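Given next are the chains, with one letter for each unit.
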Amino acid sequence: MEHPENDSKYLGLTVNSGVAQPPIVNPYARARVRRKPIPEASELVEGILKGDVTMLSRAVTLIESTAADHYARAQEVIEKCLPHSGNSRRIGLTGVPGAGKSTSIDVFGLHVLREPGARLAVLAIDPSSERTKGSILGDKTRMEKLSLQPNAFIRPSPSAGSLGGVARKTRETIVLCEAAGYNNIFVETVGVGQSETAVHSMVDFFLLIQVAGTGDELQGIKRGIMEMADGIVINKADGDNIPRTQLAQAQFRSALQLFPPAPSGWKPEVLTYSGYFELGIPEVWDMIDRYFAFVKENGYFEQKRRQQARYWMYETIDEQLRSHFYNDPDIAATLLKLDREVETNRRSSFTAARDVLDRYFSSKSL
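This report concerns the structure included in the present document. In this text the structure is predicted, and so the values were computed from the model without any measurement.

1. Observations regarding the overall build of the chain
Here comes step 1: Helix and strand content of the chain: 13 helices and seven strands.
Here comes step 2: Relative to all contacts within the chain whose residues are 6 or more apart in sequence, the contacts with residues 24 or more apart total 73%.
Here comes step 3: Total accessible area on the chain is roughly 21500 Å²; 55% of this is exposed by carbon and sulfur atoms.

2. Some words on the pattern of salt bridges
Here comes step 1: Evaluated as defined, the whole model comprises twelve salt bridges.
Here comes step 2: As a salt-bridge pair, Lys80 and Glu76 come within 3.1 Å of each other at their nearest N and O atoms. Taken together, the positions of Lys80 and Glu76, both in helix 3 (residues 68-81) and four residues apart, correspond to about one turn of that helix.
Here comes step 3: When the shortest N-O distance is used, the salt bridge between Asp289 and Arg89 registers 2.9 Å. Residue Asp289 is located in helix 10 (residues 281-298), and its partner Arg89 is located in strand 1 (residues 89-95); the two are separated by 200 residues in the primary sequence.
Here comes step 4: Among the charged side chains, a salt-bridge network with shared partners connects Glu341, Arg347, Arg354 and Asp355.

3. Points about helix 1 (residues 41-49)
Here comes step 1: Buried within helix 1 we find Ala41, Leu44, Val45, Gly47 and Ile48. Take helix 1 and look down its axis: the buried residues cluster within an arc of 165°, on one side only.
Here comes step 2: Downstream of helix 1 by one or two residues, Gly51 has phi in the positive range, about 85°.

4. What to know about the environment of Gln210
Here comes step 1: With respect to the element layout, Gln210 can be found in strand 5 (residues 205-211).
Here comes step 2: By relative accessible area, which is 3% here, Gln210 ends up buried.
Here comes step 3: Sequence separation between Gln210 and Ala99 is 111 residues; the distance between their C-alpha atoms is 5.9 Å.

5. Considerations on the packing of aromatic side chains
Here comes step 1: In this structure the tally under the stated criterion is 13 aromatic pairs.
Here comes step 2: Summarising the aromatic geometry, the rings of Phe153 and Tyr182 are spaced 6.0 Å apart at their centres and angled 40° between planes, so their arrangement reads as tilted. Taken as a pair, Phe153 in strand 3 (residues 152-158) and Tyr182 in the loop between helix 5 (163-179) and strand 4 (184-188) lie far apart in primary sequence, 29 residues in all. Taken individually, Phe153 and Tyr182 each receive the classification buried, so the pair is uniform in this respect.
Here comes step 3: On the basis of an interplanar angle of 80° and a centroid distance of 4.9 Å, the ring pair of Tyr276 and Phe277 is categorised as edge-to-face.
Here comes step 4: The residue whose ring lies beneath Arg89 is Phe292, and the NZ or CZ to ring-centre distance is 4.9 Å.

6. A word on the pairing of strand 1
Here is the key point about a regular strand: its side chains alternate between the two faces of the sheet.
Here comes step 1: Counting buried residues in strand 1 gives seven out of seven residues, a clear majority hidden from the surface.
Here comes step 2: With burial as the criterion, each face of strand 1 is covered, one bearing Arg89, Ile91, Leu93 and Gly95 and the other bearing Arg90, Gly92 and Thr94.
Here comes step 3: When strand 1 meets strand 4, the two strands line up parallel, connected through five bridges. Across the sheet, the residue bridging to Ile91 is Phe186, located in strand 4.

7. A look at a nonpolar patch on the surface
Here comes step 1: Nonpolar side chains collect at one region of the surface, where Met313, Tyr314, Ile317 and Leu321 lie side by side and expose about 400 Å² of accessible area between them.
Here comes step 2: Structurally, Ile317 can be placed in helix 11 (residues 300-326).
Here comes step 3: Overall, Ile317 belongs to the partly exposed group, its relative accessible area being 41%.

Scoring rules and cut-offs
- Residues numbered from 1 in each chain as written.
- Predicted model: local features only at pLDDT ≥ 70, side-chain atom pairs only at ≥ 80, totals over all residues.
- Heavy atoms only, no water.
- Helix = DSSP H or I, 4+ residues; strand = E, 2+ residues; numbered from the N terminus.
- Contact = heavy atoms within 4.5 Å.
- Areas by Shrake-Rupley, 256 points an atom, 1.4 Å probe, with all protein chains shown as cover.
- Salt bridge = Lys/Arg side-chain N within 4 Å of Asp/Glu carboxyl O.
- Buried < 20%, exposed > 50% of the residue type's maximum accessible area, 1.4 Å probe, protein only.
- Arc of directions from axis to C-beta.
- Phe/Tyr/Trp six-rings, centres within 6.5 Å; stacked < 30°, edge-to-face > 60°.
- Lys NZ or Arg CZ within 6 Å of the ring centre and 35° of its normal.
- Pairing = 2+ DSSP bridges.
- Patch = residues over 30% accessible without salt bridge, like charges linked within 9 Å, V, L, I, M, F, W, Y side chains within 5 Å.

Okay, here's the thing in structure tokens:
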């Protein structure tokens, strides 16, 4: 482009050509590195038994995969790791959102790792959005101290809208972690209701974390979650909140007297502590130690694990039947047709469900 300012009659005036247009693509950007293919089952098992965290992480990813070709390899890894599992203390932690579960796991984990030879795996079930199906998976950011420990393994997993499926995968992940040498397993629930039942069926000790002064005491007295708890701890017992936590402690102790005795024979205890200021942590862990000594002495520990194995056999059967039903091409086509008929009120939901089930069972009886 010509600039009249550069004419000889305009001495002393010049226009620079300007800065060259930079390239659209960053020349310093590296080419995207492709992920390595998932190793074979034998290689994964060998790495897990050696305590290789990378192999353990890749095996957990394989288990969580929904790809059909990954399922058989994942089951092979689990079967080979199963004889090396069962040698840990499995502890479930639940509580309402904001009760301080992640902060408590951080300080509980540090206390556990002080014991000689202790290793800890933390498995957190993170809720997924019903709209986007995504999860933050940010529990590790709230476990700042524990995430830096070399003997700690923290793995968040998305619920992905299917609590039963992710619970089964969490139980399988427990097997892999135990085979890798982790002798303490923490399972953190999403804290929204149904997840507690699923987690309770895979742990040895179920810890309910409560907070005082939020009007939640009446909710805690209700049956269900209280009956499953082996221990109740009230967080944030510090500063001006101490009287409120002591009042809540007395209320929970009174409520526990109304419930029938637990199958284990153990009487749940109610303690107070502060996760933020790390107060009362040894007392909470002493309670857990007493519980394990109690149930191992009366034989309930092994009995409960046998019951859990039986429970998960039926859960796996239910999941496989559901998966086989919805993945059947004929059923998928039939459901697509019935969807439109139900939406337009040409057929009721109940008759549509009966027809598709009759079609499915009749095809399997041939």
